[in-house]
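Chain by chain, the residues run as shown.
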Amino acid sequence: MGYITWAILLMMLLLAKVFYLSYIRHTYFYIQRLIFAFHIHAFVFLLVAILIAGVDVFPSWVYLVPLSTIAIYVYVSMWRVYGQSIFITLIKFFILVISYGLLFISFLFGTFIGTFLLL
């Protein structure tokens, strides 16, 4: 389980770098974007923990509500924090989703490879 923890921490650092590159003209420092990445991940982990705790209680269609809530929350928080137009924020949101998906897949693959090589 230790490799997954380090992979998530490294993903947050790289996610903050994606925020930094996406909003390079803003006056926010890298550490402020890292705190924003921690904030988003804390919200996601809270919802995932609630879903895992209620896996036997909720029907399967209920899982769509938190997933859509996560997407809406991240989009609105990007819009509120960085203060750009709705359309520009939507484009940057899709860039963020694609880059986070690629980061997640690569870190997941790297974690599995690292785990199996070190057995």
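Refer to the structure printed above.
Let me begin by describing the structure that accompanies this report. This one's a predicted model, so the numbers in the text were calculated from it and none came from an experiment. Think of each chain on its own: its residues are numbered from 1, step by step along the sequence as written. In view of the model being predicted, local features appear only for residues whose pLDDT reaches at least 70, and side-chain atom pairs are presented and counted only at 80 or more, with totals across whole chains, interfaces and linings using the full set of residues. In computing side-chain properties, one takes all heavy atoms of the structure into account and sets aside hydrogens as well as water.

## Some remarks on the overall build of the protein
Item 1. In DSSP terms, a helix is any run of H or I states spanning at least four residues, a strand is any run of E spanning at least two, and both are numbered starting from the N terminus. A count of helices and strands for the protein gives 4 helices and 0 strands.
Item 2. Contacts are assigned to residue pairs with any non-hydrogen atoms lying within 4.5 Å of each other. When contacts within the protein are restricted to residue pairs at least 6 apart in sequence, those whose partners lie at least 24 apart make up 55%.
Item 3. In the form shown here, the protein has an accessible surface area of approximately 8,300 Å², with 81% of it arising from carbon and sulfur atoms. Using the Shrake-Rupley algorithm and a 1.4 Å probe, accessible areas are obtained, with residue cover drawn only from the displayed protein chains.

## As for the packing of aromatic side chains
Item 1. Classification of ring pairs uses Phe, Tyr and Trp, with its six-membered ring standing for Trp, and accepts pairs whose centres are within 6.5 Å; under 30 degrees between planes counts as stacked, over 60 as edge-to-face, and the remaining range as tilted. Taken as a whole and judged by the stated rule, the model has 8 aromatic pairs.
Item 2. Taken together, a centroid distance of 3.8 Å and an interplanar angle of 10° make the contact between Tyr23 and Tyr82 stacked. Here Tyr82 lies in helix H3 (residues 64-82) and Tyr23 lies in the loop between helix H1 (2-22) and helix H2 (30-53), a separation of 59 residues in the sequence.
Item 3. Overall, Tyr23 belongs to the buried group, its relative accessible area being 1%.
Item 4. When the centroid spacing of 5.8 Å and the interplanar angle of 85° are considered together, the rings of Phe36 and Tyr82 count as edge-to-face. Relative accessible area decides the class of each residue, using a 1.4 Å probe on protein chains only: under 20% of the type maximum gives buried, over 50% gives exposed, and in between gives partly exposed.

## Re the nonpolar core
Item 1. Among the buried residues, those of types Ala, Val, Leu, Ile, Met, Phe, Trp, Tyr and Cys that are joined through side-chain atoms within 4.5 Å form a nonpolar core. Core analysis: the largest hydrophobic core is formed by 16 residues, its most contacted members being Phe19, Phe36, Ile40, Val74, Met78 and Leu96.
Item 2. Among the elements of the structure, H1, H2, H3 and helix H4 (86-117) are those that each provide at least two residues to this core.

## Considering H2
Item 1. The end-to-end C-alpha distance of H2 is 34 Å, a good match for the 34 Å that 24 residues give at a rise of 1.5 Å each.
Item 2. Turning to H2, its buried residues are Arg33, Leu34, Phe36, Ala37, Ile40, His41, Val44, Leu47 and Leu51. Here a helix's expected span is defined as the number of its residues, less one, multiplied by 1.5 Å.

## Some thoughts on H3
Item 1. Spanning 19 residues, H3 covers 27 Å between terminal C-alpha atoms, matching the ideal 27 Å at 1.5 Å per step.
Item 2. Of all the residues in H3, the buried ones are Pro66, Ile70, Val74, Tyr75, Ser77, Met78 and Tyr82.
Item 3. Just downstream of H3, Gly83 is the residue with a positive phi angle, here 65°.

## Some remarks on the side chain of Arg33
Item 1. Along the chain, Arg33 turns up in helix H2.
Item 2. On the accessibility criterion, Arg33 (0% relative accessible area) is buried.
Item 3. Counting of polar contacts relies on pairs of N or O atoms within 3.5 Å, with two restrictions inside protein: one atom must be capable of donating a hydrogen and the other of accepting it, and residues adjacent in sequence are counted only when both atoms are side-chain atoms. At 3.2 Å, the side chain of Arg33 and the backbone oxygen of Tyr28 are in polar contact.
Item 4. Residues in contact with Arg33, not counting those within four places in the same chain, are Ala16, Phe19, Tyr20, Tyr23, Ile24, His26, Tyr28 and Tyr82.

## Quick notes on the packing of H2 against H3
Item 1. Axis definition: a line fitted to C-alpha atoms, limited for helices to the stretch in contact. Angles are taken between N-to-C directions and run from 0 to 180 degrees. Direction vectors running N to C along H2 and H3 enclose 160°, while the axes themselves pass 11 Å from each other. Relative to H3, H2 is oriented roughly antiparallel. Judged by the sense of rotation from one axis to the other, the crossing of H2 with H3 is right-handed. In contact with Arg33, Phe36, His39, Ile40, Phe43, Val44, Leu47 and Leu51 of H2, H3 contributes Pro66, Thr69, Ile70, Tyr73, Val74, Ser77, Met78, Val81 and Tyr82.
Item 2. Note on residue categories: nonpolar means Ala, Val, Leu, Ile, Met, Phe, Trp, Tyr, Cys or Pro, charged means Asp, Glu, Lys or Arg, and polar means any other residue, Gly included. The class makeup of the residues in the contact of H2 with H3 is 13 nonpolar, 3 polar and 1 charged. Angles below 35 degrees are treated as roughly parallel, those above 145 as roughly antiparallel, those between 65 and 115 as roughly perpendicular, and all remaining angles as oblique. Handedness of a crossing follows from how the near helix is turned relative to the far one, being left-handed for an anticlockwise turn of less than a right angle and right-handed for a clockwise one.

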